[in-house]
Every structure is written in C-alpha cells, then in structure tokens.
Amino acid sequence: MELNSTHSSPVLADPAPINKTRLGIHSTLSSIKCIPILRRKPGKLDEALSNGWLDEMKASSPPRKKLIKSCCVEVALDDAKIAYCSWKIKHPSALNSMEQITKQAKCKKIAIFLDYDGTLSPIVDNPDDALMSSEMRLAVKNVAEFFPTTIVSGRSRDKVHELVGLTELYYAGSHGMDIMGPVGITASSIDHHGCVKLTDGQGEELKQYRPAGEFLQTIDEVFRTLVEKTKGIKGTIVENNKFCASVHYRNVDEKNWRTIARLVHNLLKDYPRLQITHGRKVLEIRPVVDWNKGKAVEFLLDSLGFTNQADVLPIYIGDDRTDEDAFKMLGEKKCGIGILVSSVPKETKAFYSLRDPSEVMEFLESLVAWKKMEDA
C-alpha cells in the first residue's frame, strides 16, 4: 500500500509494554474545600474560573441512566423520550436509514473509523473493565474484511490494541497522535530528529512519520504528579495514554469535581505546551498541537490513497466530544458520514445517530450484509 501525505504525521511505532491504569487511592477524608470564602478579589476571580470549569465538566458528562423513584417517573420518562425522538428528526437513526446510506455508498470505496469506549464497548465505572463482546469483535473483524477499518481512541494505542485484539485494523491512539497500521507495516529506523521510517514486508520504504516524541516525558511527568495529587480524592482514576494523561471522575462525588478541576488547571500552569480537553466524565491533558481525531482521519485517508477522490466514502462512528472533530471535518469537506452514538439528545456535527453499542454492531453487520449482496 502506498502511503503519501503532505500532512505532518503522528508517531507510528511497534507496540510497547502496556502499563496498567493507575487508580486513585480511596480516602476517608472529608471532601476538600477548594476556595477560602474570606479571599477578596483574587478569590472571586478564582471562584468564577472554577465555576466555569465545573460547568464544562457537567456539560461534557451526561448523566447515566438511573432508576428513578418518584410518583412522576412515567411523566419524566415520557418527556425524555419525546426529547430524544425530536432530536432524532434532525439526526435520524443510521439503522433506519440504511437504504439512503447504501445508496450513497454504492460504487464507492468505504473506509470505516470507530471510536472504542461507548461505541464498541459500554461506558463503565472502571476504564479497564470496558471490554467489547466477542460478538462485537466478530462484527468489527467482518467489516475489516471488506473495508479498511481504523479504531480511533483517546486511549493509548497499545491499550486499545490490547482491548480489541485484531491485527487487521489500523489503530490511532491518543486521539490520533499515535498510529499503527495492520501487521506487515513496521517501524525500521529512527533518525536523530525522532522520525520513524516505515517499511513493508519487502523492505521498501513507505512513509516517514514525524512523531510527537518530545511530549512523552512531559506527559509521563504530569501523569505521575496527578496520581500523587489525586490519591486523596476517592474514586479518581488517572490513566497514562502515552500522548495524553486522563483524569476520570466518573466515580467521584460531584461535590469534589471542583477540587479536581482546580488541581488539574493549577498543575498545567507549569506546562504551557499542554492543554485540557473534556470527554465523558474525564479531563484529558494533551499537547498543544494542531492534531485531533479529524486530522487523524484526514491523514489515514491520505495514507490509503483516498484523498480528494469522489469515489471514497468515510464512515465515522463515535460517542464522545472528541469525535466531533472528525464529524466536523467530514461535514465541512462533504466527503463522508458521521454517526453519533447517544441515547440522549446532544449537540453534534454528525448527521446520523445510533442509540448504543448494540445498534453499532447491528449497523456494522448490516453494512457487511449489503456489501456481500453487492459483490455476489
């Protein structure tokens, strides 16, 4: 496969040993008060900032489904259902729109891009427990037999590769900053600039990558600091995703969210080349670089020789705010299909929707069935 790209490129390297997720140590301490009330103007400014951070954390963290014990439960559920149905008028079900999608895909080269957490696996309390089912793995494997398929995740490439366990896929970890192709494409040498040269099975050079290796030590340093600083906040999980550090607060009491936000923001004052982005109940510390999941999709399409071709149809499926960069890119270029996975109404650049991972699996199976009929 010829890989030609004019884009600056992320790291591509052989799988490295996988580090286990670091867990925050549970503490019996009472919740920490973040801001002394007696502070004057600086305190008011800090309060405004922390309120903004807290609002952002809440906005990016839709509540999970819970059993509601109330005499108004039926009314509440009906209202939620009405809101979701109204939202789906604007973002129709990809399953119910298979005829339109396959009509658009007819005689085109399809490339599939899939987020992992919340798309191929359920959202769970502990990130290490987010396992895809054997049925989902088979569905992804079957899709990859017909279409180039990439897993695009905020997790480290090594970790998501371990979770999925399929060698025939492309893996874009750390929000696309660390990319690996299917087996047969390997890193052969690293020059003094940190660039990785790739070769195919015959030793022919395919592509030179420019990794963001300069950030590896910094991210690891931040990760270790966060583990230490959050160990007294019950439920906090800090994860090293190689090119980003993630602070999960899904299991943290909401009254302590402000403490976490302040801690992370204060730490990053010493790291001007790092930034904070929000996911589903997670704060992610990432390098300030012009790279995201949308850029990763563009890069991979270019690597596959699919750039600026009218007969190519990328399909991107994801559930997280970070997937919006990919949805936005596909929408602006009018070159593909974005599908948001959500059981609640959300602002999104995706056109279609699916409710949950089970519908994602059904959609992938339907796409394979259609392709088989086309090729028969």
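Because the structure is predicted, anything quoted here is derived from the model rather than measured.

It is worth spelling out the overall build of the chain at this point. Of regular secondary structure, the chain possesses 10 helices and 15 strands. Considering only intrachain contacts with a sequence separation of at least 6, the fraction spanning at least 24 residues in the chain is 64%. In the form shown here, the chain has an accessible surface area of approximately 19100 Å², with 53% of it arising from carbon and sulfur atoms.

Attention now goes to the sheet that holds strand 5 (residues 178-180). Taken together, seven strands build an open sheet; the order of strands is 5-4-3-2-13-14-15 and the sheet is mixed. On the outer flanks of this sheet lie strand 5 and strand 15 (352-354), each paired with one strand and no other. Adjacent strand axes in the sheet meet at a mean angle of 20°, parallel and antiparallel pairs treated alike. Of the strand pairs in this sheet, strand 14 (residues 337-341) and strand 15 are connected by three bridges, and their pairing is parallel. Counted as the bridge partner of L340 is S353 from strand 15. Where helix 10 (residues 357-375) meets the sheet, its contacts fall on strand 2 (109-114), strand 13 (312-318), strand 14 and strand 15, and the angle it forms with strand 13 comes to roughly 160°.

This part is about empty space enclosed by the protein. Taken as a whole, this structure holds two cavities of 30 Å³ or more when the rule is applied. Considering only enclosed or pocket space, the largest cavity measures out at about 390 Å³ in volume. What lines the largest cavity is a set of 27 residues, among which D117, I123, H248, R280 and V282 lie closest to the centre. Going through the elements one at a time, strand 10 (245-248) and strand 12 (282-287) are the ones with two or more residues in the lining of the largest cavity.

Moving on: the packing of helix 4 (residues 134-146) against helix 10. Running from N to C, helix 4 and helix 10 cross one another at 35°; their axes reach a closest spacing of 9 Å. When the axes of helix 4 and helix 10 are compared, the crossing they make is left-handed. Contact with helix 4, carried on its side by E135, M136, A139, V140, N142, V143 and F146, involves P357, V360, M361, L364, E365, V368, K371, K372 and D375 of helix 10 and no other residues of that element. Residues of the contact of helix 4 with helix 10, tallied by class, amount to 10 nonpolar, one polar and five charged.

Moving on, we get to unusual backbone geometry. Of note in the backbone geometry, S174 takes a positive phi value of approximately 50° without being a glycine. Note that S174 resides in the loop between strand 4 (170-173) and strand 5. For S174, a relative accessible area of 0% corresponds to the buried category.

Before going further, it helps to examine the pattern of salt bridges. As enumerated under the stated definition, the model contains 19 salt bridges in all. In this structure, D115 engages K293 in a salt bridge whose closest nitrogen and oxygen atoms are separated by 3.4 Å. Here the residue D115 occupies a position in the loop between strand 2 and helix 4, and K293 occupies one in helix 8 (residues 293-303), the gap between them amounting to 178 residues. What makes D115 buried here is its relative accessible area of 4%. We classify K293 as buried; its relative accessible area is 2%. R157 is paired through a salt bridge with D178; the nearest N and O atoms lie 3.1 Å apart. Separated by 21 residues along the polypeptide, R157 in helix 5 (residues 157-164) and D178 in strand 5 bring together distant segments of the chain. Each member of the pair, R157 as well as D178, is classed as buried.

For the rest of this paragraph, the subject is the pairing of strand 9 (residues 237-240). Two strands pair when backbone bridges link them, and strand 9 and strand 10 are joined in this way by four bridges, in the antiparallel orientation. When the bridges of strand 10 are listed, N240 appears paired with A245. Here strand 9 hands over to strand 10 after four residues, with K242 in that stretch at a positive phi of 75°.

Parameters at a glance
- Residues numbered from 1 in each chain as written.
- Predicted model: local features only at pLDDT ≥ 70, side-chain atom pairs only at ≥ 80, totals over all residues.
- Heavy atoms only, no water.
- Helix = DSSP H or I, 4+ residues; strand = E, 2+ residues; numbered from the N terminus.
- Contact = heavy atoms within 4.5 Å.
- Areas by Shrake-Rupley, 256 points an atom, 1.4 Å probe, with all protein chains shown as cover.
- Pairing = 2+ DSSP bridges.
- Axes fitted to C-alpha atoms, helices over the stretch in contact; angles between N-to-C directions.
- 1 Å grid on protein atoms, 1.4 Å probe; cavity = no way out; pocket = protein on both sides within 12 Å on 5 of 7 lines; lining within 4 Å.
- Points joined across faces, edges and corners; volume = space filled by probe spheres on them.
- Left-handed = near helix turned anticlockwise from the far one by under 90°.
- Nonpolar A, V, L, I, M, F, W, Y, C, P; charged D, E, K, R; others polar.
- Buried < 20%, exposed > 50% of the residue type's maximum accessible area, 1.4 Å probe, protein only.
- Salt bridge = Lys/Arg side-chain N within 4 Å of Asp/Glu carboxyl O.

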